[in-house]
Amino acid sequence: MTEEFSVVGKRITQVDAVAKATGAARYTVDLKLPGMLIGRVLHSPYPHATIKKIDRSKAEKLPGVEAVITVDDTPKILWTRSFRDLPMTPSGSIQHADEYILADKARYVGDPIAAVAAVDEKTADEALDLIEVEYEELPFVLDPWKAMKPGASLVHDYAENNIAVHLTPPPFLVKGDVEKGFAESDVVVEENFFASKQVGAHLETAACVASIDANGKITCYSPCQLAHPFRRELGKMFNKPVGKINVISPFVGGSFGIRLSCHNEPICIALAMKAAKPVKLVYTKEEDFTCIDTRTPHYFTVKMGFKKDGTLNAFTVHTTTWAGGYLSRAQLAGGITLLWALGHYRCPNTNGACDVVYTNTTLSGAMRGFGNPAVSWATEQVMDIAAEKLGMDPLELRLKNIKYAGEPSNMGLPTESSFEEECIRVGAERIGWEEKRGKKREGTVRRGVGMAAMMHCSGAHPLLLEHSGAIIKLNEDGSASLIVNPGSPGTHIWGTLSQIAAEELGISAEDINIVTGSTDATMFDLGSHASRSTYVTGNAVLMAAREAKGQLLERAAKKLGVSPDELDIKNRLVFVKRDPKKSISVAELAFDAIYNFKGECQTISGKCSFESRWNSPPTAAYFAEVEVDTETGEVKVIKFISSQDCGTAINPMTVEGQCEGGIQQGIGYGLTEDYVINKDTGVVESDNFTTYKMPGTLDMPETEIIIINKPDPKGPFGAKGVAEPGLVGIAPAIANAIYDAVGVRINDLPVTPEKVLAALKAKSAWKD
Amino acid sequence: MTRPLKPFDYFEPTTIKEAVQILGRYGTKAKLLAGGVDLVARMRRRQIQPQYVVSILRIPGLDYIHSDEAGLSFGALATIRSIELSPIVKNDYTVLNEAASQIASVQVKTMGTAVGNLCVATPASDIATALYALGAKLRIAGPAGERTIPVEDFFVGVNQTVLEPGEIVTEVMLPSPAPQTGGAFFKLVRTAADIAKVNVAVSLTVTDNTCREARIVLGSVAPTVIRATQAEEALRSSTLEPKVVEEVAQLAAGKAKPITDLRSTIEYRREMVRVLVRRAVKKALTRAKA
Amino acid sequence: MAEQTVKFIVNGRSYEIPIEPQMTLVEVLRDKLDITGTKISCGAGECGACTVLIEGKPVLSCLTLAITAREKNILTIEGLAKGNDLHPIQKAFIDNGSIQCGFCTPGMILTAKTLLDENPNPTRGEVKKALAGNLCRCTGYVKIIDAVLVAAEEMRKGGS
């Protein structure tokens, strides 16, 4: 495992931590450019309305206002937040581009209608109030069921019955004959579930600083997670060649997938163009809750059929995906639920479908787990329901049906490694499954334990482009610059990549300088999503380091009079394996290569453009112990165990941090985060932390993170993804624990005390 | 970013008299600033937009917590945090300590004053709920002089008090608790740092197994904090058995007029009044007898 | 209301700057003084990201009118280290993996400092209570609480 590594597997502190701990770290919101103006956006107060007239004259006359824009001030080119009209998929674009930079028609409360740039925040704020917009309100639909009714008002004219698209699973998941499979099954469970919206709630709100130079080149400071694809999208939106755009990524105050999309960046750039000055546009918390992506909500009908020995025999999922006023990432989020669900367990008969439905509500995008937390909310509860009907321990039912290495993964590729069984067994032992599960419960306050399991992905091959690049070069003192652009959402990816590079080069992680954050300076990297950075960018880094290592060994071989394959590098020394005292330092080699007067000048370096043709699925199991107060319906999570098969943990401290953070988000998703849209007005009522409650210190359970730490054959040093697995199965584990405690099951997120109490009363009323 | 506040004229009187004068002059166009937690947050959301802000922060001698045989009093600038940390409040006015402790944010408690919290007049106020249970009185200074009213007479509706233009609450006074008095405070929230869905405060004085005095106070289930007077009556004339406690809780639930909002529902709130009153009465009894 | 020039003492240094009464302390720090370690997140007093210390007490600078903080000793995250010597709490956060995106970190560290200044030997539960007004979306708080306890021990040994 990782005992043989020098740097990989170590709990190394992060290079950016000092800047963050001292206030020196600059995020997009902290940036200031000379002559910079402040931007603000005017949003629609109506869920659906024609814009009849916009009178900006008063705003423009206010002293200090330097630009007021509407859609007519932008190149009216349709785009989509998911960048799907880029060649992101092997099969080409399949998503409709349906939004302009500023709306031509209001399609949700919050839709950006106009924007201003002014000398300071006070003036920009005043200017917003001076823009007069004449709206004609239109009928609107606020949920997919109303939206799909014949005769419902259309959000977009092209989408009949507001169905943007009807999706089916990829061919490898349309298997067998589901009708026959269900008929053959001894136990069939069919249930409906609702997985709600969740707000990313990254503490740094959506932000952008944009400036246009004298040559018309755009510099865009943005926290967007996918800098290179974002640059391409900007090029399309603004009719500019990509080379005339530089996306710079400062420190980012959290992303969680919400920032896969750009949000107010195009507006900021449009303002900078109109004003011919740099502009900074930062959203308020209320705007973040209502005008950018949230996690996509879905309704699921899940049907699973089992043989009496617990073998899963037939499985269908129907997903109704609740998109907002524009598609954003709802389409892919919906379609992929079919893969997460149908591709997790072994099953000979599978099929499904997904309808993605427009509504006049806030945008549904990508958030950590991208549909897996949502559909697992459904499927992992159905597993428990079936286990009860089968008279089986839910643990045994999972173990009966999980996949192993070699079997087709949820992406249809051979599973490179899977230690899901270990995850389940070790987690069960640590929570005390045998002692605590299924016991007779008494008293007002009752405890229970529950679990869930999952399979995810390391990157999105073969569905989406998987391409990352890395350059590494040695400085003359033996330190190295690692030029990469994975983003910096706070996941410690720079540290992980440094450890990978340092391990390969035989130097120390602190010898690596990360050079990053500029699309001009870095090779293409898709960016951070789908838990891909360690696995894909990590492999690019590994191979770039390997190339540099080769050059070091070549040069050392000449100096030491041996052949390169007799050498290795450790602790900054290149040494002869059979005679380690014969050595030369990396620093000396690097210096000699640069300040070389023998005609052998070289910057020792390596470069790799890597396309991942594999996708090693991480797996995990989650165990919750809860305490339910049967008089108040309150659910307290006492202990939570996250048991992770993420291959080799390059930095166990980082992996733990991801999983501990995931528990906060999972408990919020499962129990407390309720996104409330007013049914009469379409206004989001939960628009700040006062109204939308996410867990604080006092709401967290005791946690334990188990890292199985068995290497994957394809990941760099055996690593797989872990960022999203840190969250996926938390909510259903809690739901299953509640059932164990008090015998009620809530199918709609979040599981509030009100719902639990109502279910308990219904249960006892039925019994009486 | 955060929205800039709209401009206002700002005053920093150094005496109560001066503060009363300025507030009186500007009436409803003026707002008083103490901790500012609620004022600034609501100004930012444009829920209130005063043209004049009158800070009492520079008036000396208002942050005291004072205790003697007559009881406890604290001034307009006594912070919620200082009340939480006060040993006397903890020992003798437990309900108030529990209410203050269950406000989660240390920063909010450090900035926020108990009097300021009262003057916001939200029916979900933990402090108000506790002060009703403790029989608090408020001293009010105004253009017409000074008056003292029971805290229960202070609230008129949501965010509405009886304060006339120019009036300032300068002090809260609590009577010394009678022997064999016990109290308890409960609140239900979504996460720990949240405004109550329901809050309940009970204070009982027990002599010879009979309840002599009872205050059963319900927060968040009416336009103001209310007392469940029928329930109190039932408790006072009872023998304090569990069955009676259950009936008392039921009566209290009947007094509640909750709404459904984003925090909770009518049905749940009403049911929780019953549950929390039962729990609070039981706990208060145990403490009273101790 | 007209601007008035007001004196602020931030991290031991004095500044005289023109402000208007409606400006909040966080805006003055970030926009007027370019001291950007203090962050704005919710603007509603819920998240604690804007926490600074005024006379050693933790307050929400987004809800503090700047004028009320004049001539008081204000400590922001930038003022905690002494030159290159980090405060034990800062060191503990760095060493224990307690910082991910880092946006909550300044507020967390300053609030933790007020706890340890009052209570040098807190329990885990007391640390949780002290930080209940500081939200984090990345870490789940676990390593933050670990770090505060490690720092407490370090400070008791005289590492302050």
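Starting from 1, residues in each chain are numbered consecutively following that chain's sequence as written. Note on labels: chains are lettered from A, ligands numbered from 1, in written order. With pLDDT at 70 or above as the cut-off, local features in this predicted model cover only qualifying residues; side-chain atom pairs require 80 or more to be listed or tallied, and sums for whole chains, interfaces and linings still use all residues.

1. Points about the overall build of chain A
Secondary structure elements follow DSSP: runs of H or I no shorter than four residues count as helices, runs of E no shorter than two count as strands, and numbering proceeds from the N terminus. The secondary structure content of chain A amounts to 19 helices and 28 strands. A compact globule built from 768 residues should have a C-alpha radius of gyration of about 27 Å, and chain A, at 27 Å, falls within 12% of that. In terms of its C-alpha atoms, chain A occupies a principal-axis envelope of roughly 90 × 75 × 45 Å. Three classes are used. A residue is buried when 20 or more other C-beta atoms lie within 10 Å of its own, exposed when 12 or fewer do, and partly exposed in between, with C-beta atoms placed from the backbone. A buried classification covers 64% of the 768 residues belonging to chain A. With C-alpha atoms as the basis for the radius of gyration, the globule rule is written as 2.2 Å multiplied by the number of residues raised to the power 0.38.

2. So, the overall build of chain C
Each helix and strand counted, chain C has 5 helices and 5 strands in total. Along its sequence from the N terminus, chain C presents helices and strands in the succession β-β-α-β-β-β-α-α-α-α. Taking the principal axes of its C-alpha atoms as reference, chain C extends roughly 50 × 30 × 25 Å. For chain C, buried positions account for 62% of its 160 residues.

3. Describing the domain arrangement of chain C
Residue and element names in this part refer to chain C. Domain delimitation follows an automatic or database domain assignment. Structurally, chain C comprises domain 1 (4-79) and domain 2 (88-156). Taking only C-alpha atoms into account, the centre of domain 1 sits 21 Å from that of domain 2. With 17 residues of domain 1 at the contact, the number on the domain 2 side is 12 residues. Elements represented by at least two residues in the side of domain 1 that touches domain 2 include exactly strand E3 (51-54) and strand E4 (57-60). No other element matches the 3 residues that E3 contributes to the side of domain 1 that touches domain 2. Tallied by class, residues from the side of domain 1 that touches domain 2 come to 8 nonpolar, 6 polar and 3 charged. Note on contacts: residues are paired as contacts if their backbone-placed C-beta atoms lie within 7 Å. Gly is put with the polar residues, along with every residue not named as nonpolar or charged; the nonpolar set is Ala, Val, Leu, Ile, Met, Phe, Trp, Tyr, Cys and Pro, and the charged set is Asp, Glu, Lys and Arg.

4. Looking at helix H6 (residues 227-238) of chain A
Each turn of an α-helix holds 3.6 residues, which means side chains three or four residues apart point in the same direction. All names here are of chain A. Taking 1.5 Å of rise per residue, the 12 residues of H6 would be expected to cover 16 Å, and the 16 Å separating its terminal C-alpha atoms lies within 8% of that figure. For H6, the buried fraction is high: 10 of the 12 residues fall into the buried class. Three or more residues of H6 are buried, namely Ala 227, His 228, Pro 229, Phe 230, Arg 231, Arg 232, Glu 233, Leu 234, Met 237 and Phe 238. At its buried positions, H6 is contacted by strand E10 (218-221), strand E11 (245-248) and helix H7 (265-275). The span expected for a helix works out to 1.5 Å for each residue beyond the first.

5. A closer look at the interface of chain C and chain A
Across the boundary between the two partners, chain C contributes 42 residues, which contact 43 residues of chain A. Contributing elements (two or more residues each) for the side of chain C that touches chain A: helix H2 (88-95), helix H3 (105-118), helix H4 (124-130) and helix H5 (142-156) of chain C. It is H2 of chain C that contributes the most residues to the side of chain C that touches chain A, 4 residues altogether. Here the side of chain C that touches chain A is composed, by residue class, of 21 nonpolar, 12 polar and 9 charged.

6. A word on the pairing of strand E27 (residues 635-645) of chain A
Residues and elements named next belong to chain A. The buried fraction of E27 is high, at 9 of 11 residues. Note on pairing: two strands pair once DSSP finds at least 2 bridges between them. Here strand E26 (residues 619-629) hands over to E27 after 5 residues, with Gly 633 in that stretch at a positive phi of 75 degrees. Chirality of the crossover, the property in question, places the unit of E27, helix H17 (residues 652-672) and strand E28 (residues 702-707) among those that are right-handed. Whether a crossover is right-handed comes down to one check: with the strands pointing away from the viewer, does the path from the first strand over the helix to the second run clockwise; if it does, it is right-handed.

7. With respect to helix H11 (residues 394-401) of chain A
Residues and elements named next belong to chain A. Every buried residue of H11 is accounted for by Pro 394, Leu 395, Leu 397, Arg 398 and Asn 401. Buried residues along H11 cover an arc of 165 degrees about the axis, so they all sit on one side. Buried residues in H11 make contact with strand E15 (312-322), helix H10 (372-390), helix H12 (420-431), helix H13 (433-436), strand E18 (445-455) and helix H18 (730-742). Summarising the geometry, the arc corresponds to the directions from the helix axis toward the C-beta atoms.

8. A short note on the sheet that holds strand E7 (residues 163-167) of chain A
Residues and elements named next belong to chain A. With respect to topology, 5 strands assemble into an open sheet ordered E7-E16-E15-E14-E8, the strand pairing being mixed. One side of each edge strand has no neighbouring strand; the edge strands of this open sheet are E7 and strand E8 (187-195). The average angle at which neighbouring strand axes cross in this sheet is 10 degrees, direction not considered. Pairing of strand E14 (residues 298-306) with E15, which is carried by 9 bridges, proceeds in the antiparallel orientation. Note on E15: the bridge partner recorded for Tyr 299 is Thr 320. For helices, the axis comes from a line fit to the C-alpha atoms of the stretch in contact; other axes are also lines fit to C-alpha atoms, and the angle between any two N-to-C directions lies between 0 and 180 degrees. Contacts from helix H9 (residues 330-344) reach E7, E14, E15 and strand E16 (349-357), with the element oriented near 165 degrees to E15.

9. Comments concerning the nonpolar core
Note on definitions: a nonpolar core is a set of buried residues drawn from Ala, Val, Leu, Ile, Met, Phe, Trp, Tyr and Cys, linked by C-beta atoms within 7 Å. Leu 271 and Ile 738 of chain A together with Val 277 of chain B are the most contacted members of the largest nonpolar core, which totals 412 residues. Those residues within four positions of Leu 271 of chain A in sequence are excluded, and the remaining contacts are Gly 39, Ala 67, Ile 69, Ala 115, Ala 117, Val 279 and Leu 281 of chain A.

10. Remarks on the interface of chain A and chain B
Taken residue by residue, the interface counts 19 residues in chain A and 18 residues in chain B. Within the residue set of the side of chain A that touches chain B, elements represented by two or more residues are helix H3 (121-130) and helix H19 (753-767) of chain A. Partitioning the side of chain A that touches chain B into residue classes produces 5 nonpolar, 6 polar and 8 charged.

11. With respect to the packing of helix H14 (residues 493-505) of chain A against helix H15 (residues 533-560) of chain A
Axis angle and axis distance: for two packed helices, these are the angle between their axes and the distance between the axes, and together they describe the pair. All names here are of chain A. Orientation of H14 relative to H15, taken along the N-to-C sense of each, is 30 degrees, at an axis distance of 8 Å. What the angle tells us is that H14 and H15 run roughly parallel. Seen from above, H14 lies across H15 with right-handed handedness. Where H14 approaches H15, its residues Ile 493, Thr 496, Leu 497, Ile 500, Ala 501, Glu 504 and Leu 505 are matched on the opposing element by Ser 533, Thr 534, Thr 537, Gly 538, Val 541, Leu 542, Ala 545, Arg 546, Ala 548 and Lys 549. Here the contact of H14 with H15 is built from residues that sort into 9 nonpolar, 5 polar and 3 charged. When an angle is under 35 degrees it counts as roughly parallel; over 145 it counts as roughly antiparallel; between 65 and 115 it counts as roughly perpendicular; any other value is oblique. Working rule for handedness: look at the near helix, and if it is turned counterclockwise from the far one by less than a right angle, call the crossing left-handed; if clockwise, right-handed.

12. Brief notes about the domain arrangement of chain A
Residue and element names in this part refer to chain A. Along its sequence, chain A is organised into domain 1 (2-23 + 467-611), domain 2 (31-138 + 218-284), domain 3 (140-197 + 296-375) and domain 4 (402-452 + 617-768). Its C-alpha centre places domain 2 at a distance of 32 Å from the equivalent point of domain 3. The residue makeup of the side of domain 2 that touches domain 3, split by class, is 6 nonpolar, 8 polar and 5 charged.

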